[in-house]
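Residues per chain, in single letters:
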Amino acid sequence: MPEPLGIRISGSGRALPSRVLNNQHFVDRLDTTDEWIRERTGILERRVVSPGESTATLATEAARRALENAKMTPADLDMIIVATITPECLFPSTACFVQQALGGPPVPAFDLAAACSGFIYGFVTASHLLREGSPYKNILLIGAETMSRITDYEDRSTCILFGDGAAAVILSSTPDVSRHALLHHRIEAEGSGLSMLAVPAGGSKLPASKMTIDERLHYVKMQGREVYKLAVKRNLELIDSTLAEAGVKPDDIALVIPHQSNLRIIESARQRLGLPPDRVFTNIQKYGNTSAASIPLGIDECRETGRIKDGDLILLVAFGAGLTWGSALLRI
Ligand code: UT7
């Protein structure tokens with residue numbers, strides 16, 4: 001088992017667009033029903049950006065709230081990482097837009113793309129960069145997405161799923177691993193499944209052209225059923241191996257904060273753990289699948305409401321495009 005890494009969450013904040021799309025919005029436009037969406041996904045509504053809002057504006061708002069919550073200023077940050085698959089533009093990175101908006105001294109700023117597992121990938125990366133002896137003490141980690149920008153609103157099997165949002169945490173190094181630590185983690189990828197969930201065009205392989213636009217190749221394409229089956233399988237394997245390797249029993253966990261992709265996927269994980277519903281966080285009902293933003297949105301909401309407290313054992317778990325997956329067991 002790896003050494004625990006001494007990190008704590010010094011502050012957190014979130015930003016959600018005010019525009020709400022409820023299920024009726026889709027019922028009015030597509031061949032679908034409110035019952036189908038609720039029963040197959042658990043989603044009741046999701047937030048989407050309006051003109052003038054973007055991944056960087058949401059990320060910056062979430063970052064400002066996290067700084068305020070941590071009682072810090074941009075000058076206290078040693079690094080900015082944005083986990084996103086819907087960046088502000090191809091380059092520069094969204095993290096540089098956030099750095100510009102926040103101000104403060106020059107610091108390393110970069111994006112990290114691991115789709116729905118992006119926040120856990122970022123959490124693990126930041127935790128290692130905060131190891132004892134490192135020059136970095138406080139890292140701003142943001143999960144930010146505007147999935148509505150890459151969603152095909154004519155495809156009923158995907159458009160009902162996604163929403164926009166951002167949430168930020170400030171991770172700080174601490175010498176006292178008995179109180180606050182990343183106790184165990186797994187992050188993995190299997191590229192053989194990359195075509196199961198992807199935006200085919202807009203990169204170097206298939207740059208934008210009339211053909212890519214006509215064929216709607218700038219939008220999310222997903223083999224939903226196959227991804228669903230793999231998500232359930234990988235989530236269960238991840239949970240089992242993370243707990244076994246860390247020597248932790250499900251009962252020791254105060255709260256599981258899973259990526260919010262489908263309520264049925266979350267429910268299968270809850271059943272495997274044998275935990276009551278109040279020990280597994282869900283907010284998919286109101287935000288849909290916000291990709292890399294979903295776990296930090298959960299963390300911030302739970303910190304705000306007191307659902308997680310200092311010293312609690314928390315399990316984060318996610319599965320997404322790539323295919324990627326990850327888990328993080330924290331003493332928060
Ligand atoms: O976050 C990253 C990872 N993402 C995920 O884990 C998402 C994984 N996938 C899913 O959550 C589910 O596969 C979906 C919610 C996308 C789909 O649910 P499903 O139970 O897997 O449905 P399905 O794709 O097997 O489709 C069943 C039927 C099909 O009709 P036929 O072929 O049986 O006649 C679909 O055409 O449901 C139909 N369908 C719909 N019907 C009404 C698909 N979308 C809709 C819809 N409304 N919006």
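Before any of the text, the structure's been laid out above.
Anyway, here's the lowdown on the structure attached to this text. (Residues numbered from 1 in each chain as written. Predicted model: local features only at pLDDT ≥ 70, side-chain atom pairs only at ≥ 80, totals over all residues. Heavy atoms only, no water.)

## What to know about the sheet that holds strand β1 (residues 7–15)
Right, on to step 1. Pairing is mixed in the open sheet, where five strands are placed in the order β1-β7-β6-β4-β5. Looking at which strands have only one partner, the edges of the open sheet turn out to be β1 and β5 (109–112). Averaged over all neighbouring strand pairs, the angle between strand axes comes to 20°, with direction disregarded.
Right, on to step 2. Those strands touched by helix α3 (residues 55–70) are β1, β6 (138–146) and β7 (164–173), and its axis lies near 130° from that of β1.
Right, on to step 3. Sheet strands in contact with helix α4 (residues 94–102) are β4 (79–83), β5 and β6, and its direction is about 130° off that of β4. (Pairing = 2+ DSSP bridges. Helix = DSSP H or I, 4+ residues; strand = E, 2+ residues; numbered from the N terminus. Axes fitted to C-alpha atoms, helices over the stretch in contact; angles between N-to-C directions. Contact = heavy atoms within 4.5 Å.)

## Re the site of the ligand
Right, on to step 1. If you check the shell around the ligand, you find 23 residues, and the closest are Thr32, Arg40, Arg156, Asn262 and Asn289.
Right, on to step 2. The separation between an oxygen atom of the ligand and a polar side-chain atom of Asn262 is 2.7 Å.
Right, on to step 3. Separating an oxygen atom of the ligand from a side-chain N or O atom of Asn289 is a distance of 2.8 Å.
Right, on to step 4. Relative to its unbound accessible surface of 950 Å², the ligand loses 75% to contact with the protein.
Right, on to step 5. Of all the elements in the fold, those that place two or more residues in the shell around the ligand are α2 (34–41), α6 (156–159), α8 (224–246) and α9 (263–273).
Right, on to step 6. No other element matches α8, which puts five residues into the shell around the ligand.
Right, on to step 7. Looking at the shell around the ligand residue by residue, the classes come out as ten nonpolar, eight polar and five charged. (Near = heavy atom within 4 Å. Polar contact = N/O pair within 3.5 Å; in protein donor to acceptor, adjacent residues only side chain to side chain. Areas by Shrake-Rupley, 256 points an atom, 1.4 Å probe, with all protein chains shown as cover. Nonpolar A, V, L, I, M, F, W, Y, C, P; charged D, E, K, R; others polar.)

## Observations concerning the side chain of Asn262
Right, on to step 1. Along the chain, Asn262 falls in the loop between β11 (255–258) and α9.
Right, on to step 2. Using a relative accessible area of 8% as the deciding quantity, one classes Asn262 as buried.
Right, on to step 3. Here the side chain of Asn262 touches Arg40 through a polar contact of 2.9 Å, landing on its backbone oxygen.
Right, on to step 4. Ignoring any residue separated from it by four or fewer positions in sequence, one finds Asn262 in contact with Arg40, Thr41, Tyr228 and Ile284. (Buried < 20%, exposed > 50% of the residue type's maximum accessible area, 1.4 Å probe, protein only.)

## Let's talk about the nonpolar core
Within soluble globular proteins, side chains that are nonpolar generally end up buried alongside one another.
Right, on to step 1. Counting 45 residues, the largest nonpolar core has Phe26, Ile239, Leu243, Val248, Val256, Leu315 and Leu329 as its most contacted members.
Right, on to step 2. Of all elements in the fold, only β8 (181–189), α8, α9, β12 (313–320) and β13 (324–331) reach the threshold of two or more residues within this core.
Right, on to step 3. Top contributing element to this core by residue count: α8, with nine residues.
Right, on to step 4. For Phe26, the residues in contact, after removing those within four places along its chain, are Leu21, Thr32, Ile37, Arg46, Tyr153, Cys159 and Ile160. (Core = buried A, V, L, I, M, F, W, Y, C linked by side-chain atoms within 4.5 Å.)

## Some remarks on unusual backbone geometry
Most of the time, phi is negative for any residue but glycine, and the peptide bond is trans.
Right, on to step 1. In this model, Phe91 is joined to Pro92 through a cis peptide bond whose omega is 0°.
Right, on to step 2. Within the secondary structure, Pro92 is located in the loop between β4 and α4.
Right, on to step 3. In this structure, Leu323 follows Gly322 across a cis peptide bond, with omega equal to -5°.
Right, on to step 4. Within the secondary structure, Leu323 is located in the loop between β12 and β13.

## Some thoughts on the sheet that holds β13
Right, on to step 1. The four strands lie next to each other as β8-β13-β12-β11, forming an open sheet whose pairing is mixed. Two strands close off the open sheet at either side, each with one partner strand: β8 and β11. When the angles between neighbouring strand axes are averaged without regard to direction, this sheet yields 10°.
Right, on to step 2. Here β8 runs beside β13; their pairing, made up of eight bridges, is antiparallel. From the neighbouring strand, Ile187 faces β13, where its bridge partner is Gly326.

## A few points about the packing of aromatic side chains
Right, on to step 1. Under the defined criterion, the tally for this structure stands at three aromatic pairs.
Right, on to step 2. Between Phe26 and Tyr153, the aromatic rings sit 6.3 Å apart at their centres with planes inclined by 20°, giving stacked as the arrangement. Residue Phe26 is found in helix α1 (residues 23–27), and its partner Tyr153 is found in the loop between β6 and α6; the two are separated by 127 residues along the sequence.
Right, on to step 3. On the accessibility criterion, Phe26 (2% relative accessible area) is buried.
Right, on to step 4. The residue whose ring lies beneath Arg225 is Tyr228, and the NZ or CZ to ring-centre distance is 5.3 Å. (Phe/Tyr/Trp six-rings, centres within 6.5 Å; stacked < 30°, edge-to-face > 60°. Lys NZ or Arg CZ within 6 Å of the ring centre and 35° of its normal.)

## So, the packing of α8 against α9
Right, on to step 1. Where α8 meets α9, the closest approach of the two axes is 10 Å, and the angle between their N-to-C directions is 30°. Taken together, the axis directions place α8 and α9 in an arrangement best described as roughly parallel. Handedness of the α8/α9 crossing: right-handed. Mapping the contact onto sequence places Arg225, Tyr228, Ala231, Val232, Asn235, Leu236, Ile239, Asp240 and Leu243 in α8 and Arg264, Ile265, Ser268, Ala269, Arg272 and Leu273 in α9.
Right, on to step 2. Taken together, the residues that form the contact of α8 with α9 break down as nine nonpolar, two polar and four charged. (Parallel < 35°, antiparallel > 145°, perpendicular 65-115°, else oblique. Left-handed = near helix turned anticlockwise from the far one by under 90°.)

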